[in-house]
Amino acid sequence: MRSSESYPWIVVFAFGLLHGFGFAGVLKEIGLPQSEAPLSFLTFNLGIEAGQMNFVAVALIFLG
């Protein structure tokens, strides 16, 4: 058994970390003040999660 099958949270954590670093790099390039970064990260992540939940809800409606 592969370690990614035994510990899937490691794969999820690594993907999230890389994604976060990419987003942080974009925020730095566009000149976002560091004092606004925490709120920007929070609202971005909440938006992504809301979009994912909406997608799953719609998929479940069509599959159900």
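Just so you know, these numbers come straight off a predicted model, no measurement behind them.

A. How the structure looks around the overall build of the chain. When its secondary structure is counted, the chain shows three helices and zero strands. Mapped in sequence order, the helices and strands of the chain form the string α-α-α. With the C-alpha coordinates of the chain rotated into their principal frame, the extents come out at 45 × 35 × 15 Å. Taken across its 64 residues, the chain has 6% of its residues classed as buried.

B. Layout of the side chain of Ser 40. With respect to the helices and strands, Ser 40 occurs in helix 3 (residues 37–63). Ser 40 sits in the buried class, given a relative accessible area of 18%. In contact with Ser 40, other than residues within four places in its own chain, are Phe 23, Leu 27 and Leu 32.

C. Structural context of the packing of helix 2 (residues 8–29) against helix 3. Where helix 2 contacts helix 3, the axes come no closer than 11 Å and their chain directions differ by 130°. Judged on the interaxial angle alone, helix 3 and helix 2 are oblique. Once helix 2 is placed against helix 3, the crossing between them reads as right-handed. Of helix 3, the residues touching helix 2 (which contributes His 19, Gly 20, Phe 23, Ala 24 and Leu 27) are Ser 40, Phe 41 and Phe 44. The residue makeup of the contact of helix 2 with helix 3, split by class, is five nonpolar, three polar and no charged.

Thresholds applied
- Residues numbered from 1 in each chain as written.
- Predicted model: local features only at pLDDT ≥ 70, side-chain atom pairs only at ≥ 80, totals over all residues.
- Heavy atoms only, no water.
- Helix = DSSP H or I, 4+ residues; strand = E, 2+ residues; numbered from the N terminus.
- Buried < 20%, exposed > 50% of the residue type's maximum accessible area, 1.4 Å probe, protein only.
- Contact = heavy atoms within 4.5 Å.
- Axes fitted to C-alpha atoms, helices over the stretch in contact; angles between N-to-C directions.
- Parallel < 35°, antiparallel > 145°, perpendicular 65-115°, else oblique.
- Left-handed = near helix turned anticlockwise from the far one by under 90°.
- Nonpolar A, V, L, I, M, F, W, Y, C, P; charged D, E, K, R; others polar.

Treat this as a map of the structure, not an account of what it does.
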